[in-house]
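Each chain, letter by letter, is given below.
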Amino acid sequence: MKITDIRLGMISVPLRVPFKTALRSVNSVEDVVVEIHTDSGAIGYGEAPPTGVITGDTTGAIIGAVNDHVKKALIGRDVDDFEDLMIALQGCILKNASAKAAVDMALWDLYGQLYHIPVYKLMGGARKSIVTDITISVNDPDEMARDAQNAIERGYDCLKVKVGKEPEKDIARLSAIRQAVPAKTCIRIDANQGWTAKEAVRILNGMQERGLDIEFVEQPVIAHDFDGLKYVTEHSYVPVLADESVFSPADALKIMQMGAADLVNIKLMKCGGLYNALKIASAAEVYGVECMIGCMLEAKISVNAAVHLACAKKIITKIDLDGPMLCSEDPILGGAAFDEKQITVSDEPGLGIKGIEAGKIRYIPV
Ligand SMILES: [Mg+2]
């Protein structure tokens, strides 16, 4: 199975409601799709969201990385030389994790098709279905409480609440949500780097003293402040999950060695795909640090790849793969079945993606 061409396109998928965090507000998913074509007729699919404020990767950068660097490294080569392809992909350009993630998953898709095995089985095959949380955007307390009630009515029992814009208001937000949902509802919060370390400890301990029962907090402090993260981990009653602090496997290892976080969030767009995500999972297994798997605002191609990883590895115990459920439509054919919180992986060879609905992809001329 030789790689003959790599084609790029854009998909646009509207969100049900605007997605708001401490860093941005977004109305639709506008992602780059990667198709790797082969001489066997098999196509591998990948997807990358431009998430400039988090990864630094813009639409133009993703397209440029693939056209100017990845194509030279991969076209003409055999999918069966998989390890060599992974090394070539990761080495063909510095950084550009989102572009690499899209190409990486398309290669895994092809490798699974070549050997007629679903990728989650290839990587470990721990389970066939997982349960995701759903994100509640930052808004006024009343609106967030209504959004939380709506999520409970849709069957979710775990909410990921975005906080961190106005520290003083966050306790009011969480109180409103806690009062609006059943007592057994799991509430995790994501500050998206919004606090200083001392502010974080004060706010988090205040939340616990008010009985808000927070499962864990994601990324309380700015990404590069590993010492601040460690301070919060040591001084807060609430467990800490490192998200924006962990891009590469080396970041993950350092966080674990320092004891700077209780949990680590794996996202394919931060680490450059499944090949590196497996390294983070392996390090986490060694250190006994449980992982969450998350996504950016992504449609089903790339979230589906994350589903395969989550179904492969037991160390991934927290699932935050609500991207497709935040979208108001699904133009992607095949892949995992997303039924609100319940996600069931596909047993088709590779990643099981069959294509994109006619008229829903705009190919980019080379
Ligand atoms: Mg996060």
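Residues numbered from 1 in each chain as written. Predicted model: local features only at pLDDT ≥ 70, side-chain atom pairs only at ≥ 80, totals over all residues.

As for the pairing of strand β10 (residues 263-266)
The alternating pattern of β10 places L263 and N265 and V264 and I266 on opposite faces, both of which are buried. Bridge count for strand β9 (residues 240-242) against β10 is 2 bridges, and the pairing is parallel. Looking at β10, one finds that A242 is bridged to V264. Crossover handedness for the path β9 to helix α9 (residues 249-258) to β10: right-handed. Here β10 pairs with strand β11 (residues 291-294) via 3 bridges, running parallel. (Buried ≥ 20, exposed ≤ 12 C-beta atoms within 10 Å, placed from the backbone. Helix = DSSP H or I, 4+ residues; strand = E, 2+ residues; numbered from the N terminus. Pairing = 2+ DSSP bridges. Right-handed = clockwise from strand over helix to strand, strands pointing away.)

As for the packing of helix α1 (residues 59-74) against helix α3 (residues 97-114)
At a minimum axis separation of 8 Å, α1 and α3 run at an interaxial angle of 65°. Considering the relative orientation of α1 and α3, their crossing is right-handed. Facing α1, whose interface residues are I62, A65, V66 and V70, α3 presents S98, A99 and V103. Broken down by class, the residue content of the contact of α1 with α3 amounts to 6 nonpolar, 1 polar and no charged. (Axes fitted to C-alpha atoms, helices over the stretch in contact; angles between N-to-C directions. Left-handed = near helix turned anticlockwise from the far one by under 90°. Contact = placed C-beta atoms within 7 Å. Nonpolar A, V, L, I, M, F, W, Y, C, P; charged D, E, K, R; others polar.)

Things to note about the sheet that holds β11
Here 8 strands make up an open sheet; going across it, the order is β5-β6-β7-β8-β9-β10-β11-β12 and the pairing parallel. Pairing within the sheet leaves two strands with one partner each, and these edge strands are β5 (134-136) and β12 (316-320). With direction set aside, neighbouring strand axes in the sheet form an average angle of 30°. Against the sheet, helix α11 (residues 274-287) touches β10, β11 and β12, its axis set at about 165° to β10.

Notes on helix α8 (residues 226-235)
Listed in full, the buried residues belonging to α8 are L229, Y231, V232 and T233. Lining the buried residues of α8 we find α7 (197-209) and β9.

Looking at helix α12 (residues 300-312)
The end-to-end C-alpha distance of α12, which contains 13 residues, comes to 18 Å, matching closely the 18 Å that a straight helix rising 1.5 Å per residue would cover. Most of α12 is tucked away, with 13 of its 13 residues classed as buried. (Expected span 1.5 Å × (residues − 1).)

Remember that the coordinates give geometry; whether it matters functionally is a separate question.
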